[in-house]
Structure formats: structure tokens, C-alpha cells
Amino acid sequence: MPDRSCPKLLRALLPLLAATGCDGCPSSKPYTPYTLGSAAPSGSPPPLSAVAPAAPDAGPDADAPDAAAPRFAAVPSVPAPEGGKRWPLDGGAVAAAPTGRTFETGLLLDLDGDGARDLVAWARAPDGLRGELLLAPAARPQAPRTLAALPGDLAAQGCTPRVGLSQIGPATLALDFAPQCPDQQRAAGAGATRWIAVIRLPGPAAGAGAAPELALELRLRTPPPDEALSASLEVADRDADGRDDLVVSVGLAGALRPFPAPAGAAAAGLGAPLVFLDRPAGLSRDAAQPGEALRALAAALLRDARGKATAPAVAASAQRLRRLHAALCADAAGGGGAVAGRDATRAGEALVWTGAGPVRCGEPGLAAAIDHAEAVAASTRGAPLAAVAALDRGGAEARGKDEGKLLAKLAPPATATAVYRTAAAPQPTRPGAFGPLAFEASGALLVRTAQGVVRVDPAASTEAVTDIPPWPAAVHAGPAELVAVERRCDAPTLLALFRSSPEAVGEMEVPLPLLRGQGPRARPGAAPPERCAGTERLPFSPLAASEGGFDIALGAALVSIDLRAAAPTASALSFPLATPAPRGAARSPDGATLAVPAAGGLLVATAGGAARLWSGGDLAQATACAPANGGARVACVVGAAAVIFEAR
């Protein structure tokens, strides 16, 4: 039985997989395939798989075809002798390194059954960033054959390569080329790519003269800083056909800045497998994986979302599952595979590639399932705005029947009716600024015009100029000004841009706790594109500003940006807000009600009361909305006037 101290989310895959990347959960099998981590120690890597015979009681894996079969104990390569120029073979033969190359590490194996061990060795260039895996038969050592050559586009200048070679199965070798790059190079998005070559050895039925062949290439791109990508390789006859099948269990640990780092068992990360079945024509990927494993993780999220004790951890787990999905699958939400080179490395898109290209998982409903689980968890813990934000991430097109019911329960629909239209023309304001409208506690509406501030009394249908100073449109925190929120192809999260002072040259950026595919669209109501397209500035609603930073809403997602530290940070914000509500914010005078565009309407929520989703009338063309105390009325800019709405 798995250790019950592991979260349900991590236990969910144990009945499905022999190895899932959940290094923090004990398995029923007393072996651990070697993990290829993105932050591995220096020196030559250990064997790619180090396994022992499985115990007779194999627990949840007992139904697998290979559950009771003895496991192959990996054979690691050995360093080259004699300075790497010559390698003695059986019978007095000697293999010489090719001109311009030096043997680094190798294996001696009798591959042709003649009783003499042949040499399989990595021969590298002086810089270590070029090389080939060579076969030198004992009978013909002077005629080495290249089994696999390091692709030229993987050479990473400034990085130090680690190379390991192991026999990981009776008929399988694996070469691991892992560049170790300086932290600053990785932080700049220029990290190198890890390359794994799997070599299939000829079996007894191959006949005389059969030679090893390259069966599979894997590329593991460097993830963004604070994340770690790992892969473990296991050879097993999964379909009982007498051939070595291959399971590559990919794990993603850590968390992007500014998401909090996982603790406890969750620190081991999440994992899912790529399965390659050995066929006469070569290795063929099992299309069921990793989709089956990812669906199981999403189902476990939903189970946890319904429990009072487990719901608080679901949001963080959901973000990690989204990241794993994006790292594994080129067709994940957000346009995986759309960015090439260093931008893809920084954005974390399709981090795992095979020799045939990025992996397409065929799980179009997975993103919506994760959003649904996060929404249920937020509802369970009494956070309706967070639940609406989760349901709104994929747009109305992605919401199914269950999601629609949950949204209607969290924010029942309401029809907005215009009850007053002002003669005073609100001062035009750019998106993301404090708006020109603000209610007073009395229920009167203040309208900032180009000439001054006008007080509107809708009950008496009067409008009068006041001596109230116009409030600023710019969103300032001390000398700093919030400029924009951007979605960029070269960043895995949304970014807030601000100027540190009016005289500052250029803009600083702060990563927000929203992945790039989350948050509102630049064109409200538009479906997320399949591919990332350049830089997109997003609509947001300012909620508060103080010396310490900013509070903003991106749809129903509330975010706080703290500028007090040397390195500004951002975090998710809970409703109701503790900060005072400035005039022009999307909040009521008492700060207890907010009105933000979300889920195709205007979400009006009051602390301690129900949230409602307003729509209808001129509300579709409305901008810069501000609610009155209690949320019974909302004023918005519509064309050249301010319009006061009530919900029916």
C-alpha cells in the first residue's frame, strides 16, 4: 500500500504507473529508476536506471505484465583508459579514438556473440560540446561505426557537459548528454537542452551481422528558473511480447516565481510517463500516455477540491499540473510549441521533445478539467471570486454544462437596467487607470470631467459642479506608477509593468501569480488563441494604491503587487480587501463591494453577500465601472456619458 501520508493527488497514479516522478511517495517496489534532473550534481551521471528484483507482493502494480519479473540491474559505463586515446579490447585488440576526438566513457559488451567484448564509447571533441557514440567491434576495431551523433544545434557555449552511458535493459543502452550552465545563463532564458539517445541492441533473432541502432532521441529543455525537470528511464516488457519497452517518467518540481514553493510531499513535484512500445519497425509511442496519467491527476484534484481539509491546497497543485501539461504536451492550452529557441526555454513550452518533434497529447479537455477542480475547491473554501476566476480562464467556449451550473450558483445572472444617464461627460481615461466615476456614501455619483468634478443626484435628477479636487487617473504607489499588464510569448506568467519614478527610463516588470494563458483577453469575450502571438496588453481594474504597492483585478482574479522589498513581488489577493478604496477604483466607497468585468458580464460582489453577474442593456459597451455601497447600483462610462445601472 502507498504511504497514506502522501496527498491524494500524488497517490492517484500509483495504480497506473511503475514510475511517475513522485519521488516523495514510497512505491510498493524496492527500486527507483535513475532520475535525470535539471539540476544534477557535477561529474558523470549515475546509471540511467538502477533497479533490483521486484518483491513478490507488488501491491498496486501486480496486474502489470512485468510486475513479478526480475528487473534488470543497470550497468554503468567506465571512464576511458590511457587518456582516452586508445581503448584495449579482448584478445589484444585496441580501439583508437578518431582524429580530433577522445574517448570519455564506454561499455564493453559482446554484441555479436563471438565471445569477445565490443566497445560502445562516447568520443568527444576537446570542447566537450560535440561528439559521437561509437561502436568498435572487437573483430574490427579499426572500423568504428557511429551509433548516434550529438545534434549540432544543442552545443551550448559557456556550459559544461556531463555525459553518462548505461546499459538499462537486456537489449537497451542509453546515453545522457547534460550541459550544466551558469545560473545567469539559465535566468536569461538561454539554458541548454539535455539530449538522451536510446540504443537498441540486436537480439538473438536478429541474425549474424546485425548491429545496434538508434531507437529514440529525447530532448529535455531547461525549464525556467525555480523549476526542475527530471526524467527516469525504465525498461520493461509491458505488453509481454518478449521485447524491451521503454517508460520515460517525466517529473516537474519547484514553482515559478511568484508562485510559492511547494512543501512537504508536494515538493517532489508531479510526474507523468511517456511509454514507447518496441515493435519490429522500432519504438512506437503509446498514445494513451501521458494523457491517461494527466487525467488521473486532474480527477484526483477534483476529489481533493470537495474536501474541506484538502481544498486549500488545490490551487497550488492545479498550477503545477498546468505546468506539467505544458512541459509535456505541445498541444496544451497556451499554444505550446509556438515559440522557438531561447524564448521557448524561458516560457517553458513543450520542454520534452522526441526525435520526431514535440509530443502531442490529445487532451483538449484537460485544461477545463483543471479549472473546474480549482473552481470547486475555491467554492468549498468559501472564495466565490476565486472560483469565478478559475471558471473564466478558458472563456465561455470552454465551459461545459457542469461549469455553467457552478458559475450560475456562484454568481447568479442579473439583468442590468439603466436608470440614469448623465449630461456631464466623463473625462476620457486610458485602460488600467483610475476611472472618472466614484460613488459617495450618500449614493450620489461623482463624475470627473475635463472641467472639474460634478456631483450627480439621480434621485433628484440634478447635476452640479463641486469644488472637490479631481482625483488622479494614474495609479501611483509613492513615486512608482503602474503602467500595464502584459502577456508575452517569452514569459511563462503575466507581467505587471511599472516605472519606479516619473523620471525613470524604461519599465520594470513583476511576474504575476497567473500563468500566461490565464487572465482576461485583450479583446473581452475572445477565445484564447491556439498559439501565442507577440505581446498583448491586458485590461485590468485598479482596486487600491498605497506607498507599499498596488491591488488590481484581472477579471475576477485579484492580485497584490508589493513594492516594499528590493525585488518587487506579487501574490494572490483574497476578497474582501483590507486596503482603503480610492476614488475611481472598481470598488464602493466603503471598499466592501467591487465591480469587475468577468465571465462575459460585470461581476458585482459584496463582502458577506452574494455575487451576481450583471449583463444586458448598454453594459456590454461599458468601461470604468464603479459600484455603490451594497452593490445595488453600478455606474459605468458608456460613450460620452456616465450611466447608472440597477440589477433586475
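Report follows, based on the coordinates. Within each chain, residue numbers correspond to sequence positions counted from 1 in written order. The predicted origin of the model limits local features to residues at a pLDDT of at least 70 and limits the giving and counting of side-chain atom pairs to 80 or more, whereas totals for whole chains, interfaces and linings rest on all residues. Each side-chain value is worked out from all heavy atoms of the structure, with water and hydrogens disregarded.

**A short note on the sheet that holds strand E33 (residues 569-572)**
A strand pair is defined by DSSP finding two or more bridges across the two strands. Going along the chain from the N terminus, every DSSP run of H or I of four or more residues is numbered as a helix, and every run of E of two or more is numbered as a strand. Within the open sheet, the four strands sit side by side as E30-E31-E32-E33. Their pairing is antiparallel. Both edges of this open sheet fall to strand E30 (541-546) and E33, since each of them pairs with a single strand only. Between one strand axis and the next, the sheet turns by 20° as a mean value, whatever way the strands run. Direction of pairing for E30 relative to strand E31 (residues 549-554): antiparallel, over a ladder of five bridges. Of the residues in E31, the one forming a bridge with Ala 545 is Phe 550. Axis angles are defined between N-to-C directions and span 0 to 180 degrees, where every axis is a line fitted to C-alpha atoms and, for a helix, only to the segment in contact.

**Regarding the side chain of Asp 245**
Residue placement: Asp 245 occurs in strand E15 (residues 245-254). The buried label goes to any residue with under 20% of its type's maximum accessible area, the exposed label to any with over 50%, and the partly exposed label to all in between, with areas taken from a 1.4 Å probe on protein chains only. Positive charge is attributed to Lys and Arg, negative charge to Asp and Glu, and no charge count is given to His or to the chain ends. Any Lys or Arg side-chain nitrogen found within 4 Å of a carboxyl oxygen on Asp or Glu counts as a salt bridge. It is Arg 279 that comes nearest to the buried, bridge-free Asp 245 among opposite-charge side chains, at 4.9 Å. Within the local environment of Asp 245, its side chain forms a polar contact with the backbone nitrogen of Asp 278, the two atoms lying 2.7 Å apart. We call two residues contacting when some pair of their heavy atoms lies within 4.5 Å. Apart from the residues lying within four places of it in its own chain, the contact partners of Asp 245 are Glu 234, Val 235, Ala 236, Asp 237, Arg 238, Asp 239, Phe 276, Leu 277 and Asp 278. Definition of a polar contact: a pair of N or O atoms within 3.5 Å, with one able to donate and the other able to accept a hydrogen when the atoms are protein atoms, and with sequence-neighbouring residues admitted only if both atoms are side-chain atoms.

**A word on the sheet that holds strand E13 (residues 213-221)**
Taken in spatial order, the seven strands make up an open sheet running E2-E10-E11-E12-E13-E18-E19, and their pairing is antiparallel. Across the chains shown, the open sheet's two edge strands, defined by having one partner strand only, are strand E2 (75-76) and strand E19 (357-358). In terms of strand pairing, strand E12 (residues 193-200) meets E13 through eight bridges, oriented antiparallel. Bridging across to E13, Ile 196 finds its partner in Leu 218.

**Re helix H7 (residues 384-391)**
Residues separated by three or four positions in an α-helix point in the same direction, a consequence of the helix having 3.6 residues per turn. With respect to burial, H7 is a largely interior element, six of its eight residues being buried. Among the residues of H7, Leu 385, Ala 387, Val 388, Ala 389, Ala 390 and Leu 391 are the ones counted as buried. Packed against the buried residues of H7 are helix H6 (366-380), helix H8 (401-410), strand E32 (557-562), strand E34 (593-598) and strand E35 (601-606).

**Quick look at the packing of helix H3 (residues 291-305) against helix H4 (residues 314-328)**
A pair of packed helices is captured by two measures, namely the crossing angle of their axes and the spacing between those axes. Direction vectors running N to C along H3 and H4 enclose 170°, while the axes themselves pass 10 Å from each other. The angle between H3 and H4 falls in the class roughly antiparallel. Seen from H3, the contacting residues are Leu 294, Leu 297, Ala 298, Leu 301, Asp 304 and Ala 305; seen from H4, they are Val 314, Ser 317, Ala 318, Leu 321, Leu 324 and His 325. For this classification, the nonpolar set comprises Ala, Val, Leu, Ile, Met, Phe, Trp, Tyr, Cys and Pro, the charged set comprises Asp, Glu, Lys and Arg, and every other residue, Gly included, is treated as polar. The residue inventory of the contact of H3 with H4, partitioned by class, reads nine nonpolar, two polar and one charged. Angles are sorted into four bins: roughly parallel if under 35 degrees, roughly antiparallel if over 145, roughly perpendicular if 65 to 115, and oblique for all others.

**Considering H6**
For H6, which comprises 15 residues, the first-to-last C-alpha distance of 21 Å matches the rise-based estimate of 21 Å (1.5 Å per residue) to within 8%. Burial runs high along H6: 11 of the 15 residues are buried. Looking at H6, one finds that the buried residues are Leu 366, Ile 370, Asp 371, His 372, Ala 373, Glu 374, Ala 375, Val 376, Ala 377, Ala 378 and Thr 380. Considering only its buried residues, H6 is in contact with H3, H4, H7 and H8. At the C-terminal side of H6, Gly 382 shows a positive phi close to 75°. A helix is expected to span 1.5 Å for every residue after the first.

So far we have only geometry, and geometry alone does not tell us how the molecule works.
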